[in-house]
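Each chain is listed here by its residues.
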Protein chains: 2
Amino acid sequence: VTTPVVGQVSPGTPEFELAPGFRAAATACGLKPSGNLDLCLIVAAKPATAAGVFTTNRVKAAPVLLDREVLASHAGSIRAVIANSGCANACTGAPGMADAREMAALAASVVGCAPEQVLVLSTGVIGKRLDLAAIGRGVRGMSVALEGVAAPARDNALSAPEPGGLVVEVGGAMAARAVMTTDTRPKTASADVSIGGRTVTIRGFAKGAGMIHPNLATMLSVITTDAWISPSVLDAALRAVSRRTFERVSVDGDMSTNDTVLLLASGASGVVVDEARMPEFVSALEELCRSLARQIARDGEGATRLVEIVVSGAESEEQAHAVANKIACSPLVKTAIHGGDPNWGRVLAAAGAAGVELDSGRLALFMGAVGDAIRVAEDGMALDFDHTAAARRLRQDPARIALDLGIGTAVAAVWTCDLSADYVAINAEYTT
Amino acid sequence: VTTPVVGQVSPGTPEFELAPGFRAAATACGLKPSGNLDLCLIVAAKPATAAGVFTTNRVKAAPVLLDREVLASHAGSIRAVIANSGCANACTGAPGMADAREMAALAASVVGCAPEQVLVLSTGVIGKRLDLAAIGRGVRGMSVALEGVAAPARDNALSAPEPGGLVVEVGGAMAARAVMTTDTRPKTASADVSIGGRTVTIRGFAKGAGMIHPNLATMLSVITTDAWISPSVLDAALRAVSRRTFERVSVDGDMSTNDTVLLLASGASGVVVDEARMPEFVSALEELCRSLARQIARDGEGATRLVEIVVSGAESEEQAHAVANKIACSPLVKTAIHGGDPNWGRVLAAAGAAGVELDSGRLALFMGAVGDAIRVAEDGMALDFDHTAAARRLRQDPARIALDLGIGTAVAAVWTCDLSADYVAINAEYTT
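Residues numbered from 1 in each chain as written. Chains lettered and ligands numbered in written order. Predicted model: local features only at pLDDT ≥ 70, side-chain atom pairs only at ≥ 80, totals over all residues. Heavy atoms only, no water.

### Quick look at the sheet that holds strand β12 (residues 306–314) of chain B
Residues and elements named next belong to chain B.
Phase 1: Across the sheet, which stays open at both edges, the 6 strands sit in the order β15-β14-β13-β16-β12-β17 with mixed pairing between neighbours. Only two strands of the sheet have a single partner each, and these edge strands are β15 (381–382) and β17 (410–417).
Phase 2: Here 3 bridges tie strand β13 (residues 364–367) to strand β14 (residues 374–378), and the two strands are oriented antiparallel to one another. Paired with F366 across the two strands is R375, which belongs to β14.
Phase 3: Contacts from helix α8 (residues 331–338) reach β12, β16 (399–404) and β17, with the element oriented near 135 degrees to β16. (Pairing = 2+ DSSP bridges. Helix = DSSP H or I, 4+ residues; strand = E, 2+ residues; numbered from the N terminus. Contact = heavy atoms within 4.5 Å. Axes fitted to C-alpha atoms, helices over the stretch in contact; angles between N-to-C directions.)

### Re the environment of A44 of chain B
Residues and elements named next belong to chain B.
Phase 1: Along the chain, A44 falls in strand β4 (residues 39–54).
Phase 2: Judged by relative accessible area, which is 2%, A44 ranks as buried.
Phase 3: The spatial distance from the C-alpha of A44 to the C-alpha of S194 is 23 Å, given a sequence separation of 150 residues.
Phase 4: Leaving out residues up to four positions away in the same chain, A44 has contacts with G21, F22, I78 and R79. (Buried < 20%, exposed > 50% of the residue type's maximum accessible area, 1.4 Å probe, protein only.)

### Section: the environment of G267 of chain B
Residues and elements named next belong to chain B.
Phase 1: Secondary-structure assignment places G267 in the loop between β11 (260–265) and α6 (278–298).
Phase 2: In this structure G267 comes out as buried when scored by relative accessible area, which is 18%.
Phase 3: Sequence separation between G267 and W344 is 77 residues; the distance between their C-alpha atoms is 50 Å.
Phase 4: If we skip the residues at most four places from it in the chain, G267 touches T225, D226, A227 and W228.

### Quick word on the pattern of salt bridges
Any two side chains of opposite charge can pair if their charged atoms end up close together.
Phase 1: A complete count under the given rule lists 38 salt bridges over all chains for this structure.
Phase 2: The partner of R185 of chain A in a salt bridge is D299 of chain A, and the shortest N-O contact between them spans 3.7 Å. Here D299 of chain A lies in the loop between α6 (278–298) and β12 (306–314) and R185 of chain A lies in the loop between α4 (172–178) and β8 (187–195), a separation of 114 residues in the sequence.
Phase 3: With a relative accessible area of 39%, R185 of chain A lands in the partly exposed category.
Phase 4: Among the salt bridges present, the one from D192 of chain B reaches R203 of chain B, with a minimum N-O distance of 3.4 Å. Separated by 11 residues along the polypeptide, D192 of chain B in strand β8 (residues 187–195) and R203 of chain B in strand β9 (residues 198–207) bring together distant segments of the chain.
Phase 5: A relative accessible area of 28% places D192 of chain B in the partly exposed class. (Salt bridge = Lys/Arg side-chain N within 4 Å of Asp/Glu carboxyl O.)

### Here we look at the environment of N36 of chain A
Residue and element names in this part refer to chain A.
Phase 1: Relative to the assigned elements, N36 resides in the loop between β3 (22–27) and β4 (39–54).
Phase 2: Given the relative accessible area of 47%, N36 is considered partly exposed.
Phase 3: Sequence separation of N36 and K326 is 290 residues, and the distance between their C-alpha atoms is 36 Å.

### A word on the sheet that holds strand β16 (residues 399–404) of chain A
Residues and elements named next belong to chain A.
Phase 1: On the basis of which strands lie adjacent, the open sheet formed by 6 strands has the order β15-β14-β13-β16-β12-β17 and mixed pairing. Both outer strands of the open sheet, β15 (381–382) and β17 (410–417), are each paired with one neighbouring strand and no more.
Phase 2: As judged from the 2 bridges shared by strand β14 (residues 374–378) and β15, these two strands associate in the antiparallel manner. In the strand pairing of β15, A377 is matched with A382.

### Let's talk about the pairing of strand β10 (residues 220–225) of chain B
Residue and element names in this part refer to chain B.
Phase 1: Counting buried residues in β10 gives 6 out of 6 residues, a clear majority hidden from the surface.
Phase 2: Covered by surrounding structure in β10 are L220, V222 and T224 together with S221, I223 and T225, the residues of both alternating faces.
Phase 3: Examined bridge by bridge, β9 and β10 share 6 bridges and lie antiparallel to one another. The residue bridging K207 from the neighbouring strand is L220, located in β10.

### Observations regarding the packing of helix α7 (residues 317–329) of chain A against helix α9 (residues 344–352) of chain A
Residue and element names in this part refer to chain A.
Phase 1: For the pair α7 and α9, interaxial distance at closest approach is 8 Å and the crossing angle is 130 degrees. The orientation of α7 relative to α9 falls into the category oblique. The interaxial crossing formed by α7 with α9 has right-handed handedness. Listed contacts from α9 to V323, K326 and I327 of α7 are V347, A350 and A351.
Phase 2: Among the residues making up the contact of α7 with α9, the classes are represented as 5 nonpolar, no polar and 1 charged. (Parallel < 35°, antiparallel > 145°, perpendicular 65-115°, else oblique. Left-handed = near helix turned anticlockwise from the far one by under 90°. Nonpolar A, V, L, I, M, F, W, Y, C, P; charged D, E, K, R; others polar.)

Right under this line is the structure:
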């Protein structure tokens, strides 16, 4: 196995495009009262392979149930992804399931494929039914744009609610905007990896927010590649990577009713990624997903900075993850970081509450970036450290807290954000 | 077994006294920069039986380790409890353990007992060493008061830091004040129960705060009774009650490094509570502890109201508790309650993330007090409810959210508070 060469992972370029073999369009069909982009359609020129990881929440939204069904039968021949914001289609029962199927059928009708070849994503308010008339208008408008007809595309089949008809935008960057809810910015990442001397492209976008532990503001991501990858290898790659990236962005490890990450492979590059080549692909995919995960954490509601919690010296990665996650979930730790308070006691107390065995007398705690960190506690006790310097470390973006458990060699990182008064203001508003 | 007659549980009376057989004094010995009461001593006239429940946090403070030791050997002959605020004596290693022993010895020297007959409680800043000189002065001052010498008691053995010497206050209400940290008010409760035609008295106080999931601001409680109860029956009673009261006050079920609940029985009433009488005693004890637990929740940092989460229709009490706890932990739910937003979707999503099997199509959600609640969701879907009326219910104190899982008959309640911008302000301050 050759060492993979991963090109620069570029986050958030305005010119973001999906991987070759995929096209995207977006529109504002009226699901968002703001009139912002709220619907996008991603079309694969030829049937693509696909894999998905979904929320572990026991309350699963209709699109999640539908996509699991689709991937169980058609993971080798996906033609489109249709995604909307403004409405999560969650807690909508059997009618909501029928709506999700109808949304897939609307996309299928313009793409020219079976509804079972379409994946559906929804994010937004829970408990509201989808406005299928609006989605129908939007789909027809985008289909025109995706066929290359000159903009502004108009929907002549139905009278549009606003004068001038629907504005349709083309391109991956616009799809990334169309899934935003409380996100303050679109999240995209691109990676190129050399596999066997040929370049494979990976391009993905995501949306998050909701104080990271996404709830109303679900975490969604669509990642595309031009490699040819079988559904089973694709599935294994996505699961391995998701565990170390998207599932490490969390306040408390929860997932919302709608959380979904989709990975689609067009094969347009002609490069085959089989099990032997998988490590190289996975390495690039992980770098890309880590970039998206960090962008999601950084854009948590009310956040002023990204927070990275690294736990090392653990007996297992699971143990390290459990401790890091507990620290990342602690509102006391998150408010201390917000205030630039090097409150090491809160960090150790959170670690002790993680529900894993640890030796409190071996804990060592650091604050600050790698190579610039200040050791604030050792052997479970505070050192006589420079509070002003430590406070300065916590005000960095990202703010980094590293805890060594002193009982093993495993490491895990979790990303979160600080907890500000703005978070309370955003979430105390009347939003239902 | 006769039905126990529990007298009114009176919360927070300024005249609060401990149960017959116990005396208390408090002083401000200088552990708190504010000069407020920070040390108290509770003395049993004769050896009392005692039981304790302690934090499950893997990082345990020195007084917790010491008290477990004391109760393992001397649960039948406790003479005193000494408690301080201002310093948690946590994460202080072996020197902190020696300090806790010295604190017990100081109390023992004035009470006239062995150090192994003294229980120790500490709360406050983590990582700081105890000021034993200050505690020594305080103990000697209080001993004078407890012997009935006229106030103002003075410490003549050492020069006190402030002119006029130490002010020593006598009584249970003052002990309740001396353990306060970020608490805005003392928390006390009294219950009388008729057992076999004779009255048994139970009197307790507690401190909490720290957004309830107490961290720097540990949860401590001391409960006294004049019943005669063997250590083993006392222990069983405290464990049973604590699980349904103090352990139901939580943001995320965590306990701090110092959390401790002590129950002491003087036997002064002459009423023996054996295993046969235990249900009657437990019933009264539970009512008293529920009052203290709710007072702690109500006084969460930045809280504007008490929040009661009731989960019914569960397969087991454990399941109901897990779901209720998850809802109570959700910052999205807590901010919605703060804003009076009947955001039922957040509640269902939190329930789904509790890690227990549930049928999302059977969930029914209510907001408001018993007999006045509004049904906002049924069969996992929103009803067309009156948002303004539901918002009014959430602005009540206590605000009550009831979720029926529809799969069983078990019930559990959890108490928390709303999440306000003040919480962030309080906790983002430089406090280490």
